[in-house]
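Remarks on the overall topology
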Amino acid sequence: MQALVTGANRGLGLEVTKQLVDRGFAVWAGVRDAAKMPELGDRVSPLRLDVADPRSIARARAELDSLDVLVNNAAIIGAGDGPVLDCGVEAVRVQIETNAFGPWRLVCACADLLRASPRGRVVNVSSSAASLATMTDIGAAYLTSKLALNGMTRMLADALRDDGVLVNAVCPGWLDTEMGASAGPGGRPVSEGAAAVLWAATLPDNGPSGGFFEEGGRVVPW
Ligand code: NAP
């Protein structure tokens, strides 16, 4: 089975890559800078991929001849983000470009391969902070981008349902990564955060699609 993980060189993406290899996957490690990707053995192949750049997505897609699992993990936070009254739409636009348009473009580019797979799975790494049920004003750009990603998860799940491709959003929880540290110390280890992603990446054929989940398949309210 062949997987592609975006933002695979550090943080959650690196851990997910390692755990997919442990489960027997070959992994395309999507990275902006191949020099930043640690050597993980012959089942991991670095793939130059900037998800905010449509030409980079097209070039990366041209390298692939099969794909079973796509993990849309790469994302950014910060850079002008802030409360909704102060943030400004330009900061929102920048984060949407990476966090929502990137995954959207990538799924579109890879849809033919996912459809051809006997077990196509798309995992959109989102955040429970973007749950409408509990949302607070902690960062308008990031939350808006993840809201868009969640909506896209529903649409893509619908679009790919008849082909057996399961598309879900997951929240890994607050993690001890570069991004997680922007909220202060105390995030949990990536080894635990990866559990929700691995769960959605390895769902059985009768598993859910179009949902929002955390570890153990627990439902996160939209
Ligand atoms: P991180 O430590 O900041 O790592 C982000 C990764 O994304 C890096 O590999 C980075 O590559 C890559 N990336 C950023 N922009 C990219 C682009 N345009 N194209 C390709 N790669 C790009 O973040 P993380 O904590 O591991 O977060 C992983 C996922 O979990 C994200 O979707 C995040 O929103 C979600 N999440 C995280 C937390 C948390 O507490 N950390 C909580 C909930 C959800 P470079 O090294 O090149 O910058």
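Just above, that's the structure.
All values derive from a computational prediction rather than experimental measurement.

**What to know about the nonpolar core**
One finds Val 16, Leu 20, Val 71 and Val 197 to be the most contacted residues of the largest nonpolar core, which totals 27 residues. Residue assignment for this core shows that the elements contributing at least two residues are strand S1 (2–6), helix H1 (11–22), strand S2 (26–31), strand S4 (69–72), strand S5 (121–125) and helix H7 (190–201). Among all residues touching Val 71, those that are not within four sequence positions of it are Leu 4, Val 5, Thr 6, Val 16, Leu 20, Val 123, Val 125 and Val 197.

**Quick look at the site of the ligand**
Around the ligand, a shell composed of 29 residues is seen, among which Arg 32, Asn 73, Tyr 142, Leu 175 and Thr 177 lie nearest. Within the contact set of the ligand, an oxygen atom lies 2.8 Å away from a side-chain nitrogen or oxygen of Arg 10. A distance of 2.8 Å is found between an oxygen atom of the ligand and a side-chain nitrogen or oxygen belonging to Arg 32. Considering each element in turn, the shell around the ligand owes the most residues, three residues, to helix H6 (residues 178–181). Counted by class, the shell around the ligand contains 13 nonpolar, ten polar and six charged residues.

**Some words on the pairing of S1**
Extensive coverage of S1 is indicated by the burial of five of its five residues. Side chains Gln 2, Leu 4 and Thr 6 project from S1 onto one buried face, and the interleaved Ala 3 and Val 5 project onto a second face that is buried too. With five bridges connecting them, S1 and S2 associate as parallel partners. Bridge pairing in S2 links Val 5 to Ala 29. Since S1 and S2 lie parallel, the crossover through H1 that links them has a hand, and here it is right-handed. Sheet analysis places S1 next to S4, joined by three bridges and oriented parallel. For Leu 4, the partnering residue across the bridge sits in S4 and is Leu 70.

**Remarks on the pattern of salt bridges**
A complete count under the given rule lists eleven salt bridges for this structure. Residue Glu 90 pairs with Arg 93 through a salt bridge whose shortest N-O separation is 3.1 Å. One end of the pair is Glu 90 and the other is Arg 93, both in helix H4 (residues 89–116) and three residues apart, which spans about a single turn. Under the relative-accessibility criterion, Glu 90 is labelled partly exposed at 46%. By relative accessible area, which is 46% here, Arg 93 ends up partly exposed.

**Focus on H4**
Given a rise of 1.5 Å per residue, 28 residues ought to cover 40 Å, and the 39 Å separating the end C-alpha atoms of H4 matches this to within 8%. Along its length, H4 reaches its greatest deviation from straightness, about 60°, at Cys 110.

**Comments concerning the sheet that holds S2**
The sheet built from eight strands is open, its strands ordered S3-S2-S1-S4-S5-S6-S7-S8 with mixed pairing. The open sheet has two edge strands with one neighbour each: strand S3 (44–48) and strand S8 (218–219). Contacts between helix H5 (residues 140–160) and the sheet are confined to S5, strand S6 (166–170) and strand S7 (212–214), with S6 contributing the most and set at about 165° to the helix.

**Things to note about the side chain of Thr 153**
In this structure, Thr 153 sits in helix H5. Polar contacts involving the side chain of Thr 153 include one to the main-chain carbonyl oxygen of Leu 149, which spans 2.8 Å. Once you skip the residues sitting within four places of it in the chain, Thr 153 turns out to touch Asn 124, Val 167, Asn 168, Ala 169, Gly 210 and Gly 211.

**What about helix H2 (residues 54–63)?**
All of the buried residues in H2 are Ser 56, Ile 57, Ala 60 and Arg 61. Angular distribution of buried residues about the axis of H2 spans 135°; they occupy a single face of the element. Across from the buried face of H2, at angles greater than 90 degrees, the exposed residues are Arg 55, Arg 59 and Ala 62. Of the surrounding secondary structure, the elements contacted by the buried residues of H2 are S3 and H4. Of the residues flanking the start of H2, the one acting as N-cap is Asp 53, its side-chain oxygen 2.9 Å from the backbone nitrogen of Arg 55.

Basis of the calculations
- Residues numbered from 1 in each chain as written.
- Predicted model: local features only at pLDDT ≥ 70, side-chain atom pairs only at ≥ 80, totals over all residues.
- Heavy atoms only, no water.
- Core = buried A, V, L, I, M, F, W, Y, C linked by side-chain atoms within 4.5 Å.
- Buried < 20%, exposed > 50% of the residue type's maximum accessible area, 1.4 Å probe, protein only.
- Helix = DSSP H or I, 4+ residues; strand = E, 2+ residues; numbered from the N terminus.
- Contact = heavy atoms within 4.5 Å.
- Near = heavy atom within 4 Å.
- Polar contact = N/O pair within 3.5 Å; in protein donor to acceptor, adjacent residues only side chain to side chain.
- Nonpolar A, V, L, I, M, F, W, Y, C, P; charged D, E, K, R; others polar.
- Pairing = 2+ DSSP bridges.
- Right-handed = clockwise from strand over helix to strand, strands pointing away.
- Salt bridge = Lys/Arg side-chain N within 4 Å of Asp/Glu carboxyl O.
- Expected span 1.5 Å × (residues − 1).
- Bend = angle between axes of the 7 residues up to and from the residue.
- Axes fitted to C-alpha atoms, helices over the stretch in contact; angles between N-to-C directions.
- Arc of directions from axis to C-beta.

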